[in-house]
There are 2 protein chains.
Amino acid sequence: MIYIDVKDSRPIYEQIVEKTRMLILRGVIRKDEKLPSVRNMAVELSINPNTIQRAYGELERLGYIYTVKGKGNFASGKESLLMEYRKELLDKITQTSELAFSIGVTEKELTEAVLAAEGRA
Amino acid sequence: MIYIDVKDSRPIYEQIVEKTRMLILRGVIRKDEKLPSVRNMAVELSINPNTIQRAYGELERLGYIYTVKGKGNFASGKESLLMEYRKELLDKITQTSELAFSIGVTEKELTEAVLAAEGRA
DNA sequence: ACAGGTGTATTAACTGTAATAATACACATA
DNA sequence: TATGTGTATTATTACAGTTAATACACCTGT
């Protein structure tokens, strides 16, 4: 379901949060679907259970999952999450564009950079 | 010339690199213009000289400044730097757009996010 | 030559974060 | 009752960032 990129400088728990987040947002993991248990995922990824727990704690704090003690962690399926993430990405586009404009990049170049992504996705 | 944002989670030396970089790219610091000395800037920002030195070391490695022992650090004014940074920003736009497309954001929304920045810059 | 400003290098120490390891406890379910 | 689940705690290791204190070499104005 998830793999750790050793070349990625970000902490392991953060990588897990980010990848799980995308799996939920893309609908690969559906509402109320169970995620791998802390201990299972720890074995699969060959890392410490505490690190998984930390990632799950973050995901719960962000509202992506909910926990049932004795049973496991499940995707919340909250609808607001997708909208929040869309806004996050659009804000990032605006911020980067602002920086680009400030050093002379044209609107045409920026829209072309957007279109370059459309083909790949 | 530069200030440190204590709320910024990034390391101090990295903030200095990024801000100095922008000052050079925007032409605020001109070719062969002298940057504040290691000790001076350390006093101004109330941080350790070693931290400034690390930032200047990075800037030199990136080609933004050159060092003359006994005299100081100076902006290189290399022309390629601007083009490299433009490419960096455009790549970031493409990457973020790709992610956005993958969760259903439309081309229209993205171009609007670009345009939103044009007014501010 | 000298003083003062410059970059550079080194070593030690402190702090915070990430990650591991080893346990223990509480809850759910077959 | 046994097993799988989340949760909590403590200790330890490793590393990055930062500070501190020095020391050395170079440049320049007096």
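Preceding this paragraph is the structure being described.
Worth saying up front: this structure is predicted, and the values here are computed from it rather than measured.

### Quick word on the protein's contact with DNA strand C
Close to DNA strand C lie 22 residues; A:Ile12, A:Asn50, A:Arg54, B:Arg39 and B:Thr67 are nearest. A share of 62% is what sugar and phosphate atoms reach among the atoms of DNA strand C within 4 Å of the protein. Here a phosphate oxygen of DNA strand C sits 3.0 Å away from a polar atom, N or O, in the main chain of A:Asn48. In this structure, a base nitrogen belonging to DNA strand C sits 2.7 Å away from a side-chain N or O atom of A:Asn50. Looking at the surface near DNA strand C, the elements with two or more residues in it are helix 1 (12–25) and helix 3 (49–61) of chain A together with helix 2 (38–45), helix 3 (49–61) and strand 2 (72–75) of chain B.

### Section: the interface of chain B and chain A
Across the boundary between the two partners, chain B contributes 32 residues, which contact 32 residues of chain A. Carbon and sulfur atoms make up 73% of the area that chain B and chain A hide from each other, which totals about 3,300 Å². Taken as a group, B:Arg86, B:Ile93 and B:Ile103 account for 18% of the area that chain B buries against chain A, more than any other trio of residues on that side. Applying the counting criterion to the chain B and chain A interface returns two salt bridges. Applying the counting rule to chain B against chain A returns eight residue pairs in polar contact (both at pLDDT 80 or more). Secondary structure elements with two or more residues in the side of chain B that touches chain A: helix 4 (80–102) and helix 5 (107–120) of chain B.

### Quick notes on the protein's contact with DNA strand D
The local shell around DNA strand D holds 22 residues, among which A:Arg39, A:Thr67, B:Ile12, B:Asn50 and B:Arg54 are the closest. For DNA strand D, the backbone makes up 59% of the atoms found within 4 Å of the protein, where backbone means sugar plus phosphate. In the model, a phosphate oxygen of DNA strand D is placed 3.0 Å from a nitrogen or oxygen of the B:Thr51 side chain. Looking at the surface near DNA strand D, the elements that each hand over two or more residues are helix 2 (38–45), helix 3 and strand 2 (72–75) of chain A together with helix 1 (12–25) and helix 3 of chain B. Broken down by element, the surface near DNA strand D gets its largest block of residues, three residues, from helix 3 of chain B. Considering only residue class, the surface near DNA strand D consists of five nonpolar, eleven polar and six charged.

Rules used throughout
- Residues numbered from 1 in each chain as written.
- Chains lettered and ligands numbered in written order.
- Predicted model: local features only at pLDDT ≥ 70, side-chain atom pairs only at ≥ 80, totals over all residues.
- Heavy atoms only, no water.
- Near = heavy atom within 4 Å.
- Polar contact = N/O pair within 3.5 Å; in protein donor to acceptor, adjacent residues only side chain to side chain.
- Helix = DSSP H or I, 4+ residues; strand = E, 2+ residues; numbered from the N terminus.
- Contact = heavy atoms within 4.5 Å.
- Buried area = accessible area lost by both parts, 1.4 Å probe.
- Salt bridge = Lys/Arg side-chain N within 4 Å of Asp/Glu carboxyl O.
- Nonpolar A, V, L, I, M, F, W, Y, C, P; charged D, E, K, R; others polar.

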